[in-house]
Each structure stands twice: as structure tokens, then as C-alpha cells.
2 protein chains.
Amino acid sequence: MTERLYLFDTTLRDGQQTQGVQFSTPEKHLIAKALDALGVDYIEGGWPGANPTDSEFFGTRASTRATMTAFGMTKRVGRSAENDDVLAAVLDAGTPAVCLVGKAHEFHVRTALGCTLDENVEAIRASVAHCVAKGRETLFDAEHFFDGYRADPAYALTCLSAALDAGARWIVLCDTNGGTLPAEVGRVVAEVVAAGIPGSRLGIHCHDDTGNAVANSLAAVDAGCRQIQGTLNGLGERCGNANLTTIIPTLLLKDPYASRFATGIDRAALSSLLRVSRQLDDILNRVPLRSAPYVGASAFAHKAGLHASAILKDPTTYEHIDPALVGNERIIPMSNQAGQSNLRARLAAAGITVDAKDPRLGRILDVVKEREDQGYAYDGAQASFELVARAELGLLPNFFEVKRYRVTVERRKNKYNQTVSLSEAVVVVKIGETKMLSVSESMDETGTDRGPVNALAKALSKDLGPYQACIDDMHLVDFKVRITQGGTEAVTRVIIDSEDSQGRRWSTVGVSANIVDASFEALLDAITWKLIRDHGQPA
Amino acid sequence: MTERLYLFDTTLRDGQQTQGVQFSTPEKHLIAKALDALGVDYIEGGWPGANPTDSEFFGTRASTRATMTAFGMTKRVGRSAENDDVLAAVLDAGTPAVCLVGKAHEFHVRTALGCTLDENVEAIRASVAHCVAKGRETLFDAEHFFDGYRADPAYALTCLSAALDAGARWIVLCDTNGGTLPAEVGRVVAEVVAAGIPGSRLGIHCHDDTGNAVANSLAAVDAGCRQIQGTLNGLGERCGNANLTTIIPTLLLKDPYASRFATGIDRAALSSLLRVSRQLDDILNRVPLRSAPYVGASAFAHKAGLHASAILKDPTTYEHIDPALVGNERIIPMSNQAGQSNLRARLAAAGITVDAKDPRLGRILDVVKEREDQGYAYDGAQASFELVARAELGLLPNFFEVKRYRVTVERRKNKYNQTVSLSEAVVVVKIGETKMLSVSESMDETGTDRGPVNALAKALSKDLGPYQACIDDMHLVDFKVRITQGGTEAVTRVIIDSEDSQGRRWSTVGVSANIVDASFEALLDAITWKLIRDHGQPA
């Protein structure tokens, strides 16, 4: 018999406190939709009245399976709950649930609110009672609960009881400053339960300031809490909130949680987790964290030679879960540490089967090694590695040939004495017997010069006749440049990460003493890889 | 009375298993030096014999206060420890300590080694005994220990006892696949101690596959382990190893650890933690993770209005530690008060004294903030920062002015059907009333095209009349490029490290959507900084 465990997402509220993050209303709608499809129980949409975007979001929200929640704070001392305009704005959002933050730490009551301890308890009671009377499911976020409990446990518990007695559905224990460690979280939650607040009414809200937000959340569940608050990709103020993208697969796939609890998320939704995580990064234009648990691009990358060869015998030797369960995949990167079994597995992942005895395997490793000596790096550039292997195996289609290019960057002062720059590229390409010459400049719609690589990419895709739609579907996500040693002298290594509308993401590498030429090489590889995926063979 | 807790760093060994990471030997030396200054107890340098860079590192290593450790594996079944060439290579590295990984999970013994359970126990015993007989402090890494203990606790414990009885100083419990959760780690370690392996001989080695590597390490210490293995910035295979950059401040600043344990790291070293963390990111050309606990740029950024105003009353309201303890600083977007003393210190370092009450300090902070919003980063570009400050203070000499430039990159096939490229730059500069126009190409003495930035640099220095000798004395040491966010869109950030014959080394930054233009800006800053140092004022 499983027990229900509730997930409360605050990506749209606390997640927006991340430095550099400011969601637009349409972005909030997109994220809410993704969260709802994933199956979280609550979506905290923002603080209506405190933030124009938040008010707009609530005014235009679509209906959700998840319980939409508006955030606010307990009424101010010196006025009634009925006459508090801040509280009124929260209720006016018309959500089925409201979450009110209030103080539970005597130091904060005195320092930040400047009222008596009793006045604060009464503010909590009256605010919760008012929301309950208005028919809302009410949550009470006990701010700084763990610090407050450490300083004055009796007062902190009094605050919780006031909210509970006033009808709050959930009492959420917040580690607002993120400084509490797992053992203490577990002990304090157990004491709260022992003091009479039932675990079925307790939530946990953690921050990652000591790198323990996930562990703290699990420790709270172990001790009785039945609601976890967190954000997608661990967004949030400072070091972020508890990362639901990490917690969800642990709850669904690992004991004791998997056999003990049920959540609103099923296995099908779990397999969309990587996609949801990437969608949020896309909206924020962030580079996804490669090392993220479960959903990181490296989360199932096996680089050590010993690991890679064991994985080939049995994936469970070095994998704690099957990567497909969260929509991820196994990667066996190529590097000069790797051997032939590793190589075959990597080729198989690209759909290329080679017999274990095939002498070309050794040749591919030799070419990879030789190119790594020249400055190439293939363990971060799987797509270029695949092209190297295909070339050796006679499986590299010749979609087009670049005969020559010329790119010019010019900077001068215009007549207003402003410095302006412009890049222009001419590319000559041969597709079959047809030679095509095209020119592009790098100016975007805002009049910004996007530089020589952009101009080259534009000229190139203009010229690719039958392949143009395929190329238009890809875009550059990241671009990394390093000066490195190629043989005896310094060369530039460029790594380009590309993405397409199908959510594919691939990396290519180019090396040259000339940065533009190195970039162009990586760009050509990126295009060729995509053409192989979409077209297979030349048109 | 405090108890000693040991820190074992494996950045150079397990950290090198990170996808995309391949340290050169000089980089390994730099990192070892930084780790030694920090005060870790053990530095695991690599696997001599398995990897040419690792062998070279051990052959050229400097002496360290930390115990230098070579990694290897237990001898193969079917040969004696004395005749095992892999083990011999490890001992030949001549380090005071060796760490041997071996199996402790019956499934892996059968699947990966293909020998009997007893043969594996004997391999552990004989290998450890051999290293001990050679006078080495010996560590035994019990691979897959937690999975093995779950499957067959008696056998897993037998493997540990074999190593202990053979004289291993440390038995390291490895959660190799990273799938074990904190509660289980704590329980199993307690059972291991109860079974007779003393906690003072136990180490813990965790991976972050469930986001719990830090919590697992702490749970192991709570249960008795007295050595923690991990890496700087949590580098490592898949999701990375336990992050020492996170664990160290927790151990030194937070109870129960701070009052209970002593480590080799003192408060002064702790305050260098952010710098050490950034140094590793610099070497790897990685963008530092803003949300990293303790050392992230956002770790003490208070964005929420309520938080920021409370922070001004008392920083402890929303900070779990004082950021200065780890070399970090508070960021309060609404107030630049906090930055002024820091700013004066940075100016003093450049030889510029400004009165604490000078209103221009506030203006400099505003300009820096505005430019950082555009994508500039001054943490790693002290020389460009100095120029920004000088401009505000009226202390920026006008040595020359670039009126315009044009650079062309051309790639084509030559008559031998070889692909050749050439870059050419025209630069127009005004020095005083004299206008000078010059052209250069990027071909070096070997006939290699060094690219557009090189051509620009050559054309520029040709033109700098009275300053030419000064410019000829500088050269580019490193060149780092990132795509980053400037306002609403992606821009290129270029950081150039320059060096001169006097051993000065300085870094400058340029930002533009156009990579050539960003490079040119950083180059101009580098030249201007050098001219200020050598000439002071225009000739």
C-alpha cells in the first residue's frame, strides 16, 4: 500500500529569484503547461500584486490539472486580514490555492517586522483563517523555520500551530537561508511531528547553499513530511532551490521511496524529464549543465576505459539506472584513453555496426589519436568523431564541397561618429556538378553585426539548394574556443554545440591556427551530421 | 578535543574522467600546487602506466606537503604481485602513497574479472601486502562497495578485511555508480564499523548521480568515516565526484563538524577557496557555475526585494555564512555600497589611490555593472577593469586612436589542390595629428595562416610609431572565447592573456556579437595597459 507524496513546484515564483532570470508572461504559460504535463501537484505561479508579470500571468492562466497557487505574505500587523491590500491582491488572483509566507523565527519578527511575537502569531492565524474562509486551500510557508527552531523551538512551533489551527492544509518548513544540514533537518522534522503537527500536513522547502537541498528534502520525507517544494533544474535565489528534476527520478526509481510512495508523475511523464529540463534551459537561453544528475548530457557518459568495457558486458555495472527512464542516453566518449570495445559501442550508438575483428577499428583509433595530437578533442565532440569514423569506413556521404570562401570584417566610424562593424562572406560550393556562389552579410534584424562565422553560415545555407530546409532547422547553442597545442605550435580549437527542432543536440570540433577557419570546419561538420540524420544520402 | 578528518583530492585522477577534460602535464602541476597550498592531505595525481600524461606528471612532480598518491588497481589473477606489470608501473612512480582499486561486489568479480570470489580476495590481500612491503602508505578503494554490500554483505566485508589485515592504512568505501542515497550510506557505514573496521581507517568516495554526493560524504562521516575523497568543483565521471569546494567550508564553518573535527585547511586557506575554484575553471576554460554553493557568483546574491532590504539591516537575516570566509562577496543589486571598499582595494593594487568618500567610486561601480550587463566580465580581466576605472577618474592616456580596420580571411585550394588560407588586415591609426595606414598578413615563418586577430595585431604594431618597441615586447599567452548573454542577446566574450619580457602577465576583455571585433577590443586594451606601464603618458 503506497502513501501519497505531493510535489509543489515554485519555478515560476522562487525560481524567478535566480540572478539573471526574468520570465515573460508567455514564458510562464509555457513552463506551467510543461509542469502540468509532467504531473506536479501544485504550481506556484508568482506573487500577484507584487510583480506586474505575475499579476498578468494569473489573469490569463489556462486551466491546469495541477492546483494553481498564488504566493503572498501574511497580513501586516495593525490592520485586519480583510483590509490588507497585499493579501487582497493574492486572493484576487482567484487561484484554488494560496501560499502565505510568514515568520517563524523570533529574531526575524523583531528585526524585520518590528512587532511583538504575539502580534506575529495573530497575523499568521488571521491571515490563514481569512483565506480558508474565502474557500481557498491554504499553505503556510514558515520562513526561516530551521533557524528559528534552533533559536527558540517553542515559538517556532507556536507559529506552526497557529496556521494549522486556522485551517492551513499544509505547513511548509522552509530552510530559507539554505544553511541547515541533512541530519539536523531530519531531527527537527521528527521533533515537529512528535510535537503534534501531522506529517501528512507538513511540507519541506530547501535551498542549496550547502549543496544539500536534495538530501535535506529526502531527510524531511524520511522523518514524515509529505510535500516537497522545489524548482525545475534547481532554479532559485542564490544557489537555487531543491532541484525537482533530480528529486523526481529518485522518488520514482529508488527505494525506499519508489515502493513506499505514489506521486502524480507516471513512468511516461518521467521519460519526458530530460525534454522538460532542456525546454526550461531553452527559454532561459542557458547552456544545460552537462553534469546534472539524471538529465545532464554527461550523466551517463563513461569515459574511463575500464568502465566503458564493463558497460559493454552489462550496463548495470556502471549505471545506477537505465538512462532511457528519464529520456537520457548512454554516451561512451572517444578519447585517447579509449579502446576498441569503447569505439564499437560508440559507433553502434550512431547506428553503425562494425565487426569486432574489423581492422578498420584500429585505423579509426589511429586517426583519432593523430588528430588529437593536432589539437582536436573528440570526447566533447561526438558528432565530429562520428564523421571521422564514417570517413574511414566509407560511410561519409559527400553532400557538397566547399571550393573556397572569403570573409571580410570591417570596422569604421559612421557619419555620427559611432563605431560600426560589418562582416561579409562569399562562399563557393559545389553540389554534384553544380557550382553555386553566394554572398551574405552578418547583419541581423536589429542591425547588429553577428560576425564572420555568422556571415559564413548564412552564405553557406543560402547555397545548399536541396538541403536548405534541413540547415534552416538547426541553430548554434554554444561556441567554445581554446588555444591549445597542435603538434609543436599553438592552434585554436573551436567546439560548436548545435540543436534542431527535434531536440537533437550535437557537438563538433574544428582546429586551425586561424579562428575563422577552425569555426568554419566545426560548422561544416555540424551541417554534415545533420544532413546524415535527415537525408541519409545526398539528394 | 577535536578529531582529525582527512581530505583526499582526486581532481587529477577521477576529475580527469570528466567528459571533455584532458589535463596537460603543466596544468596538472598547476592544480597540484593549488591543492597543496589549500591544505588537502592527499593528492591523487593519476594512474602511472595507464596514461602517458599521468606518467609524465609523476616523473616531474614537485615536492608537496600533501601526500602524493599514485592510483592503480589490484594485481591480476594468475600472476604474483611482484610480477604484475600494471602494479609495478604504479610503484615505479615513487610516490609515498598508492591507492589501489579492487572489487568488493561479487557480481563485478564474476562479470568483469571472471575469477572466483576467493581469487579476488587473495588479489586484494597480495597487492596491498606488496605495496606495504615496499614501504608505501596504501589505500584500498573498494569499488562498488555499497552495491556489493547490498548484494552480499559478508563478501563485501571480507574484501575490506583482506585489505585491512594486509596493512592498508585506509579502506575507502566507494559508491562507484553514485546511486546510493544518504540514509543507506549512513546505515551501511555504521554496520561496517560495527563489523570491526575502525572508522579511523575508513574513507568515503561518492559520486553525484542522485545529487547527493556531498550529503553522502557527510552521512559517512557522521557514521564514523574519517577520510573524504572528492574533487575541486565536483569534477569527475558522469555527474562528478563529491565536491570538495562545497564540503570544505561546511566542515570548517558548520556544526557538528566545525567543533568536532580538525582538517589540514586553515581559515586563511579557506578564504582562498573561491580563487582556487576559479583557477581550475580558467584552466578548463569553463564558465564558473554561478549557483555553486559557497563559491558561485550568485551564492550571496540577494535578488528578492524583501531579502535585500533585510540584508541591509543585518546580513545574517538571509546569509548562512559570511561570504568573505570563502573569498566570496555579497551582491545586492539595489545597492552598490558593499562594493566600494573592494573597489578601492582593486584600484590600490593598480597603483591608483582614491579617497573613500570620492563620488567617482560609485560611478565606476555603475559603469562596471552596466558593462557586465552587456557581457563583460572583469573578474578575470583585471587590466581592462583598470582601464574602465582610469577612464572614469580621468587617468586614461590617449596614446592612439584606431580610425578603422578591415580584415579578410580567404580559404581556397592551391594549384596542388591543397586547402590554404590567408588573412590580411588593414588598420588606420591616428597618433596625435599623424594618421598612419598599414597592412599586414597573418602568415608566419612556417607559412601557416595565424588568422585575422594575428593579422590585426601585426598591422597595429607596425603602425604604432613611437610605441612599437613596447608592443613588440608583448605576446599573447592565452585566448579564451565564450558565448554569453549581453542584454537580451548572445554576444561573444573574448579574454586575452598577454605577457611581456619583464614577466608581467595581464588579462583583458572584449565583447561583441562579432568575434573578430571582440578580440580586437581586448587586444587594444592589452596594448594600452602595457603602454601605461612602460610609457605612463603619450610620447
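What counts as what
Residues numbered from 1 in each chain as written. Chains lettered and ligands numbered in written order. Predicted model: local features only at pLDDT ≥ 70, side-chain atom pairs only at ≥ 80, totals over all residues. Helix = DSSP H or I, 4+ residues; strand = E, 2+ residues; numbered from the N terminus. Buried ≥ 20, exposed ≤ 12 C-beta atoms within 10 Å, placed from the backbone. Domains from an automatic or database assignment. Arc of directions from axis to C-beta. Contact = placed C-beta atoms within 7 Å. Nonpolar A, V, L, I, M, F, W, Y, C, P; charged D, E, K, R; others polar. Pairing = 2+ DSSP bridges. Axes fitted to C-alpha atoms, helices over the stretch in contact; angles between N-to-C directions. Core = buried A, V, L, I, M, F, W, Y, C linked by C-beta atoms within 7 Å. Parallel < 35°, antiparallel > 145°, perpendicular 65-115°, else oblique.

### Remarks on the overall build of chain A
When helices and strands are tallied, chain A shows 20 helices and 16 strands. In terms of overall dimensions, chain A has a C-alpha envelope of 85 × 70 × 40 Å along the principal axes. For chain A, buried positions account for 54% of its 539 residues.

### Details of the domain arrangement of chain A
Along its sequence, chain A is carved into domain 1 (3–265), domain 2 (305–393) and domain 3 (401–535). Put simply, the middle of domain 1 of chain A and the middle of domain 2 of chain A, counted by C-alpha atoms, are 45 Å apart.

### Brief notes about helix H3 (residues 85–92) of chain B
Residues and elements named next belong to chain B. Where H3 is concerned, the buried positions are Leu87, Val90 and Leu91. Projected onto a plane normal to the axis of H3, the buried residues spread over an arc of 95 degrees and lie on a single side. Packing partners of the buried residues in H3 comprise strand E4 (67–73), strand E5 (97–103) and helix H5 (117–133). Gly94 occupies a position one or two residues after H3 and carries a positive phi of about 70 degrees.

### Details of the interface of chain B and chain A
Many analyses report the size of an interface as the accessible area lost when the parts associate. The partner chain A presents 85 residues to the 82 residues of chain B that form the contact. If you tally residues by element for the side of chain B that touches chain A, the top one is strand E11 (residues 401–413) of chain B, at 11 residues. Taken together, the residues of the side of chain B that touches chain A sort by class into 28 nonpolar, 31 polar and 23 charged. Relative to E11 of chain B, strand E11 (residues 401–413) of chain A is paired through 7 bridges, and the arrangement is antiparallel. Pairing of Val407 of chain A across the sheet is with Val409 of chain B, part of E11 of chain B.

### So, the sheet that holds strand E3 (residues 42–46) of chain B
All names here are of chain B. As summarised here, the arrangement of the 8 strands in space is E2-E3-E4-E5-E6-E7-E8-E9, forming a closed barrel in which the pairing is parallel. Adjacent strand axes in the sheet meet at a mean angle of 25 degrees when their direction is disregarded. With respect to the sheet, H3 is in contact with E4 and E5, its orientation differing from that of E4 by roughly 175 degrees. Running at roughly 170 degrees to strand E9 (residues 227–230), helix H9 (residues 213–222) makes contact with strand E7 (170–174), strand E8 (202–205) and E9 of the sheet.

### Description of the pairing of strand E6 (residues 137–143) of chain A
Put simply, side chains in a regular strand alternate between the two faces of the sheet. Residues and elements named next belong to chain A. Extensive coverage of E6 is indicated by the burial of 6 of its 7 residues. For strand E5 (residues 97–103) and E6, the ladder comprises 7 bridges, and the chain directions are parallel. By the bridge assignment for E6, Ala97 is matched with Glu137. Of the strand pairs in this sheet, E6 and strand E7 (residues 170–174) are connected by 4 bridges, and their pairing is parallel. The residue bridging Asp141 from the neighbouring strand is Val172, located in E7.

### Some details on the environment of Gly203 of chain A
Residue and element names in this part refer to chain A. Mapped onto the fold, Gly203 is located in strand E8 (residues 202–205). Sequence separation of Gly203 and Ala345 is 142 residues, and the distance between their C-alpha atoms is 45 Å. Not counting the four nearest positions on each side in its chain, Gly203 is found in contact with Phe8, Leu139, Trp170, Ile171, Val172, Leu173, Cys225, Gln227 and Gln229.

### Some points on the nonpolar core
Core analysis: the largest hydrophobic core is formed by 203 residues, its most contacted members being Leu160, Ile171 and Leu173 of chain A together with Leu160, Ile171 and Leu173 of chain B. Not counting residues up to four positions away in its chain, the partners in contact with Leu160 of chain A are Ala104, Ala142, Ile171, Val192 and Ile197 of chain A. The next biggest cluster of nonpolar side chains, apart from the first, holds 103 residues, and it includes Ala381, Leu387, Val516 and Leu531 of chain A.

### Notes on the sheet that holds strand E13 (residues 434–441) of chain B
The 6 strands are arranged E13(A)-E12(A)-E11(A)-E11(B)-E12(B)-E13(B) in an open sheet whose pairing can be described as antiparallel. A strand with exactly one partner marks an edge of an open sheet, and here the two such strands are strand E13 (434–441) of chain A together with E13 of chain B. Averaged over all adjacent pairs, the angle separating strand axes in this sheet is 10 degrees, with direction ignored. Running over the sheet, helix H18 (residues 452–462) of chain A touches E11, strand E12 (419–431) and E13 of chain A together with E11 of chain B and is turned about 35 degrees from E12 of chain A.

### What to know about helix H15 (residues 340–349) of chain A
Listed in full, the buried residues belonging to H15 of chain A are Asn342, Leu343, Arg344, Arg346 and Leu347 of chain A. Residue Gly351 of chain A follows H15 of chain A closely and has a positive phi angle near 80 degrees.

### Comments concerning the pairing of E13 of chain B
Residues and elements named next belong to chain B. Across 8 bridges, the pairing between strand E12 (residues 419–431) and E13 is antiparallel. In the sheet register, Lys430 faces E13, and the bridge partner there is Lys435. Once E12 ends, the chain turns through 2 residues before running back antiparallel as E13, passing Gly432 with a positive phi of about 60 degrees.

### Regarding the packing of helix H1 (residues 25–38) of chain A against helix H13 (residues 273–284) of chain A
Axes are the key here: two packed helices are described by the angle between their axes and the distance separating the axes. Residues and elements named next belong to chain A. At their nearest, the axes of H1 and H13 sit 11 Å apart, and the two run at 175 degrees to each other. When the interaxial angle is binned, H1 and H13 end up roughly antiparallel. Of the residues in H13, those touching H1 at Glu27, Leu30, Ile31, Ala34 and Leu38 are Val276, Gln279, Leu280 and Ile283.

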